[in-house]
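Listed here are the chains, written in short residue letters.
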Amino acid sequence: MELLLEITKTAWSWMMENLLYINLILSVVIVFFQRRDPKAVWTWLLALYFLPIFGFFLYLMLCQDFRKSKMFRIKEVEDRLKYPVKSQEEGILNRENWFRDPLCRDYEDLVLYNLATSGAVLTTDNTVEIFTDGVEKFSNLVEELKKAENYIHIQYYIIKNDEVFQAMIPILKEKARQGVEVRILYDGMGGRFMPKRVWKDLSEAGIKVGEFFPAFLGRLQLRVNYRNHRKIVVIDGKAGYVGGFNIGREYISRDPKFGYWRDTHLKIQGSAVYSLQIRFALDWNYAVKENLFKQGKYFGLPEQEEGMEMAASTELAETFQTELFGQGVGIQIINSGPDASNRQIRNNYLQLFHKARHHIYIQTPYFVPDDAILSALKIAAESGLDVRLMIPCKPDHPFVYWATYSYVKDLLEAGARCYTYENGFLHAKGVMVDGLVSCYGTANMDIRSFELNFEVNATMFDTETTQRLETLFLEDLEHCREITKKRYESRSIVVRAKEQCSRLLSPLL
């Protein structure tokens, strides 16, 4: 024991004596061995300066680079989508009509971009139902669960052991007894407070459970900064859900801390459901190592012989493609995450802002934009477009909230209008442009969602759906308080200090 203490003292003494050189070497690693935004690099270098050595271990925990990783990709899905993606690209370049809604044809370049960069196939045979209230959303979901005949795939960032999930458990168990395949995937951070006995009970009932980025040695999370923020439910390939609601009592407005919970969730029926299914299958494969792409039934494809993997043939690709088009809502399911080579959802937003000609409406609980997004919105506002931002009136993450408030000043000075939602907590995440195109899902308008979280959004090329969402936005304004320049300038010194500190840390938020 004395020898161990002596070794520890010697090592500590050597580190203190050579702290300058150690910090210099670690700084070189941060600057030259990871390609990151310069602002983020400088922020980490400051952290290393004020927290020598320990700051570097924080960096290793929070800033792993997945961009070159193949761990979230499966060759079967890449081969299967190759043909429909190429066919759609050629059709758009040849000016074929892919849109039911002629007013949306000016967005063909955005469709082409999403196709080329992430294989986001456009489907136009969809219907969309919009939920803004948690009770209505979960009531509808429960009814769809009861109708399941083949499989139920559930993925949420947060699943809490309260009345919302407890109401779903008996239905899921009954469906498992009936032979329906039930899979539940949750995030290691978001589900960290769920008792292990609950998952064990579900597993014993025949329900498959997966954890994305599980904790190490109990509750130690080595990848704390990378969260699977997606919320996806797919039932029999017939109904798909995506949006902002997690599973917990606050999402049905039963938490006094937040009051009424205003969110937006989409129920999609049509071929876009298979795009949600692909996303779930990729995440499930990584977490559980079960390749769902070996079974065509999950994607509306013919069953393969026992033990055979799903073929990547032109015939099957064509079978998939023939179901993509119809007289419904045009949808592209787009994904982003730290494993992607580009910031797909962020770039999708950026293109929407650049193409806007009349107005841009944004709802988000967190507004921490990068320079490109902020500049695009400022240019739009300064060009006379009606740019409106709606954020919550109260924080659930204080640092992010005060960083959000600091960026309001930039928009106000450019001529945009900003509002705080006063009727509870605003958690809706979406953009509406010119009454033509809208994009809603799990991604916030912040750097974390653009670069660090695994997210999924639905971009909808449809005037009717977009105008329904805009109507809801305008109705929400009745419960908002506008942040005028006068109101903003009346902030206290304490609030100003919070804003400045939080903005300084925004590259890490």
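Scroll up to find the structure this text is about.
No experiment lies behind these values; they were computed from the predicted model shown.

> What exactly am I supposed to notice about the environment of Met390 here?
With respect to the secondary-structure elements, Met390 resides in strand E12 (residues 386-392). C-alpha of Met390 to C-alpha of Phe473: the two residues are 83 residues apart in sequence and 8.7 Å apart in space. Not counting chain neighbours up to four residues away, the residues in contact with Met390 comprise Ile362, Gln363, Thr364, Tyr419, Tyr421, Leu426, Phe473, Asp476, Leu477 and Cys480.

> What am I meant to see in helix H7 (residues 134-146) here?
Helical geometry note: an α-helix holds 3.6 residues per turn, so side chains three or four residues apart project in the same direction. Along its 13 residues, H7 runs 18 Å from first to last C-alpha, staying within 8% of the 18 Å computed at 1.5 Å per residue. Taken together, the buried positions of H7 are occupied by Gly134, Lys137, Phe138, Asn140, Leu141, Val142, Glu144 and Leu145. Structurally, H7 contributes buried residues whose contacts are with strand E1 (122-131), strand E2 (151-156), helix H8 (163-177), strand E5 (232-235), strand E6 (239-243) and strand E8 (265-269). Sitting at the amino-terminal end of H7 is Asp133, which places a side-chain oxygen 3.0 Å from the backbone nitrogen of Val135.

> How do you make sense of the nonpolar core when you look at a structure like this?
Within soluble globular proteins, side chains that are nonpolar generally end up buried alongside one another. Grouped together as the largest cluster of nonpolar side chains are 53 residues, with contacts concentrated most on Tyr349, Phe353, Leu377 and Met445. In terms of residue count, helix H14 (residues 398-414) provides more of this core than any other element does, 10 residues in total. Not counting residues within four places of it along the chain, the set of residues in contact with Tyr349 comprises Ile373, Gly430, Val431, Cys439, Ala443, Met445, Phe450 and Asn457. Counting 45 residues, the second largest nonpolar core, distinct from the first, contains Leu185, Val234, Ala272 and Ala281.

> What's the story with the packing of H8 against helix H9 (residues 196-204) in this structure? I'm lost.
Packed helix pairs are characterised by how far apart their axes lie and by the angle those axes make with each other. Orientation of H8 relative to H9, taken along the N-to-C sense of each, is 20 degrees, at an axis distance of 10 Å. Between H8 and H9, the interaxial angle falls into the category roughly parallel. In the crossing of H8 with H9, the sense of the turn from one axis to the other is left-handed. Judged by residue contacts, Phe165, Ile169 and Lys173 of H8 engage Val198, Trp199, Asp201 and Leu202 from H9. Here the contact of H8 with H9 is built from residues that sort into 5 nonpolar, no polar and 2 charged.

> Explain the pattern of salt bridges to me, please; I cannot follow it from the model alone.
For side chains of opposite charge, pairing can occur when their charged atoms come near one another. Summed over the entire model, instances satisfying the criterion amount to 22 salt bridges. Asp370 serves as the salt-bridge partner of Arg343, at 3.7 Å between the closest nitrogen and oxygen. One end of the pair, Arg343, is in the loop between strand E9 (329-336) and helix H12 (344-355); the other, Asp370, is in the loop between strand E11 (367-368) and helix H13 (371-382), and 27 residues separate them in sequence. We classify Arg343 as partly exposed; its relative accessible area is 24%.

What counts as what
Residues numbered from 1 in each chain as written. Predicted model: local features only at pLDDT ≥ 70, side-chain atom pairs only at ≥ 80, totals over all residues. Heavy atoms only, no water. Helix = DSSP H or I, 4+ residues; strand = E, 2+ residues; numbered from the N terminus. Contact = heavy atoms within 4.5 Å. Expected span 1.5 Å × (residues − 1). Buried < 20%, exposed > 50% of the residue type's maximum accessible area, 1.4 Å probe, protein only. Polar contact = N/O pair within 3.5 Å; in protein donor to acceptor, adjacent residues only side chain to side chain. Core = buried A, V, L, I, M, F, W, Y, C linked by side-chain atoms within 4.5 Å. Axes fitted to C-alpha atoms, helices over the stretch in contact; angles between N-to-C directions. Parallel < 35°, antiparallel > 145°, perpendicular 65-115°, else oblique. Left-handed = near helix turned anticlockwise from the far one by under 90°. Nonpolar A, V, L, I, M, F, W, Y, C, P; charged D, E, K, R; others polar. Salt bridge = Lys/Arg side-chain N within 4 Å of Asp/Glu carboxyl O.

Geometric descriptors of this kind do not, in isolation, establish any biological role.
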